Amino acid sequence: MSFDPYAARSDFPILERTNRGKPLVYLDTAASAQKPRAVIDAISDCYENHYANIHRGVYELSERITRMHEEAREKVAAFLGAAESREIVFTRNATESINLVAASWGRQNLAAGDEVVITTLEHHANIVPWQLLCEEKNARLRVVPINDAGELEMHSFEAMLSERTRIVAASHVSNALGTINPVRKIVAIAHERGIPVLLDGAQAVPRFGVDVRELGCDFYVFSGHKLYGPSGMGVLYGRAELLEAMAPYQSGGDMIETVSFEKSTFKSAPYKFEAGTPDIAGAIGLGAAIDYLAGIGLDAIEHHELELTAYGKELLEAIPEVRLIGTAAKKTGVLSFVVEGIHPHDLGTILDMEGVAIRAGHHCAQPLMERFDVPATARASLGLYNIREDLDHLIAGLHKAIEMFR
Amino acid sequence: MMDDLRELYQTTILDHNKKPRNFRVPDGPSHEADGFNPLCGDKVTVYLQVQDGRVIDASFQGSGCAISTASASMMTEAIKGAPVKEALSLFESFHDLVTGPAMDAPETEGVGKLAVFAGVREFPMRVKCATLAWHTLKSALENGGETAKTE
């Protein structure tokens, strides 16, 4: 089936809007993806026709919305290739999913002198929770280095693992550079030594098909808003036996079995991790996003974005003042760069006036910026609705900026 | 559109960005402070030589966007030779200049050459770039050199 991005654009109402009076050229999907009509409608439909609290009422409305909420969980499970839907925990975002694992699994399984291995490519979300855990436990955070192209040094990774390593946490795709990490290899090497692996898939799931059982990972996290779904909705996948052994993260209503003032008992996974009324419409919206992507086919999206990434790379490399940051052989969706003599923030403002929305900054990856010795980069990131013309607009804006700062 | 951009990136600003004035570390300044914008990573250090209540020398170091670099550069020029009290009141005038409502005509009286920054008020996201050096100046003069943060 061939995918037509021009046709898909009409599914996204916001793309008809203007930015500073010019047609919107949205090149910031790695920060957050725009929403298709199907997702917006599903959320409206939930509030207009089905809304009540879940897991509580005995009336028809509550039963139905509970079923819709759980159907969304089943959709996520199928989307990730999980064995069972109880392996899917709903959270606010990927950040909260990682915090949950660090706080629950981490507190139970780390002791003084133990080590947590992460990589230089990580988003702050996959650095800081581990850093705080290590401080609390007097454990050590170790960081896998990268080469100048922005690829992991796999020999260093292997050498870094020891009998003190308790967990490996790595991104599937780098948010700042677009590097696709060799996660199968990472999992295989860690598992040979009996070390569990958490993968941050926030930038991966919107770009290609992911099967957690094929990857063999123990935890996998992503954010709904980057998957063309609603913000405030995240996912934690955990192997059932791991989730069952973990203590609750937050506590309160809905996650308990019985409560007395002496002692409370908790539901089984995933419910023991979902305290309080969740984002019900958010879960339903996420389910709608997954249906929408399935209708297009992730293989088609993958092919489209790889092709666009290569086109953008070619255009940027043709400008002498531009230096690409992150030139991994396997990368997708993200073009990070600096322009000689122009700070990324000035670029961001100038492009904004041309209707082009990019991200300028450290991309929540300050240690990575330091690795490349730049304070910030400009980042154009792609979504399924982007077309070659978007990148042509970007390049025209860059020429304007270069001219202005000459 | 290009007009708004020219309003922001005035020739003077582009010039100070390219060739920042007083961009140096002096010997034994009497006052200094670091400024940091955690949002974008812009960094600046302001050095002052204050004698008898007067700023007799001002310089800076750091890295940042054109707006923040030009602002620091022009600030050092504006306050050099001024009484400390005047430097601080210039901070207030400059702050009003760049943060005033975009609709209102900017009050440029008393700010001299710094009036070129009036365009910044059209770009709320860039106000902190323009004020970083000034917050740092205030910190050097009043708060014993505590790091100034824009967040």
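Rules used in this analysis
- Residues numbered from 1 in each chain as written.
- Chains lettered and ligands numbered in written order.
- Predicted model: local features only at pLDDT ≥ 70, side-chain atom pairs only at ≥ 80, totals over all residues.
- Helix = DSSP H or I, 4+ residues; strand = E, 2+ residues; numbered from the N terminus.
- Rg over C-alpha atoms; globule rule 2.2 N^0.38 Å.
- Buried ≥ 20, exposed ≤ 12 C-beta atoms within 10 Å, placed from the backbone.
- Core = buried A, V, L, I, M, F, W, Y, C linked by C-beta atoms within 7 Å.
- Domains from an automatic or database assignment.
- Contact = placed C-beta atoms within 7 Å.
- Pairing = 2+ DSSP bridges.
- Nonpolar A, V, L, I, M, F, W, Y, C, P; charged D, E, K, R; others polar.
- Axes fitted to C-alpha atoms, helices over the stretch in contact; angles between N-to-C directions.

Peer 1: What exactly am I supposed to notice about the overall build of chain A here?
Peer 2: Summing up its helical and strand segments, chain A has 14 helices and 17 strands in all. Against the globule reference of 22 Å for 406 residues, chain A gives a C-alpha radius of gyration of 22 Å, in line with a compact fold. For chain A, the spread of C-alpha atoms along the three principal axes comes to 70 × 55 × 40 Å. Each of the 406 residues in chain A was classed as buried or not, and the buried ones make up 51%.

Peer 1: Help me understand the nonpolar core, please; the structure alone is not making it clear to me.
Peer 2: Side chains of a nonpolar character, in soluble globular proteins, are inclined to be buried together. With 155 residues, the main nonpolar core has Tyr237 and Ala289 of chain A together with Val46, Ala133 and Leu137 of chain B as its most contacted residues. Examining the composition of this core, we find that 10 residues originate from one element, helix H10 (residues 280-296) of chain A, more than from any other. Mapping this core onto the domain boundaries places at least three of its residues in each of domain 1 (5-30 + 297-401) and domain 2 (41-294) of chain A. The contact partners of Val46 of chain B, leaving out residues within four places of it in the chain, are Glu32, Ala33, Gly35, Phe60, Ala133, Thr136, Leu137 and Ala140 of chain B. Membership of the second largest hydrophobic core comes to five residues, among which are Phe12, Ile301, Leu384 and Tyr385 of chain A.

Peer 1: Would you mind showing me how to read the pairing of strand S3 (residues 54-63) of chain B here?
Peer 2: Walk down a regular strand and you will see the side chains alternate between the two sheet faces. Residues and elements named next belong to chain B. Note that strand S2 (residues 42-51) and S3 share nine bridges and pair antiparallel. Residue pairing in the sheet places Gln49 in a bridge with Asp57 of S3. With antiparallel pairing between neighbouring strands as the criterion, S2 and S3 make up a hairpin whose turn holds two residues, including Asp52 at a positive phi of roughly 50 degrees.

Peer 1: Got a minute to help me understand the interface of chain B and chain A in this structure?
Peer 2: The accessible area lost on association of the parts is a frequent measure of interface size. Facing the 15 residues of chain B at the interface are 14 residues of chain A. It is helix H1 (residues 2-8) of chain B that provides the largest number of residues to the side of chain B that touches chain A, a total of three residues. Classifying every residue of the side of chain B that touches chain A by side-chain character gives 10 nonpolar, three polar and two charged.

Peer 1: Please explain the sheet that holds S3 of chain B as it appears in this structure.
Peer 2: Backbone-to-backbone hydrogen bonds pair the strands of a sheet. The strands run either parallel or antiparallel. Residue and element names in this part refer to chain B. Read across the open sheet, the four strands follow the order S3-S2-S1-S4; overall the sheet is mixed. Strands with a single pairing partner mark the edges of an open sheet, and in this sheet they are S3 and strand S4 (148-149). Relative to S4, strand S1 (residues 31-37) runs parallel, the two sharing two bridges. In the sheet register, Phe36 faces S4, and the bridge partner there is Lys149. The sheet contacts of helix H5 (residues 127-142) involve S1, S2, S3 and S4, and relative to S1 the element is tilted by about 150 degrees.

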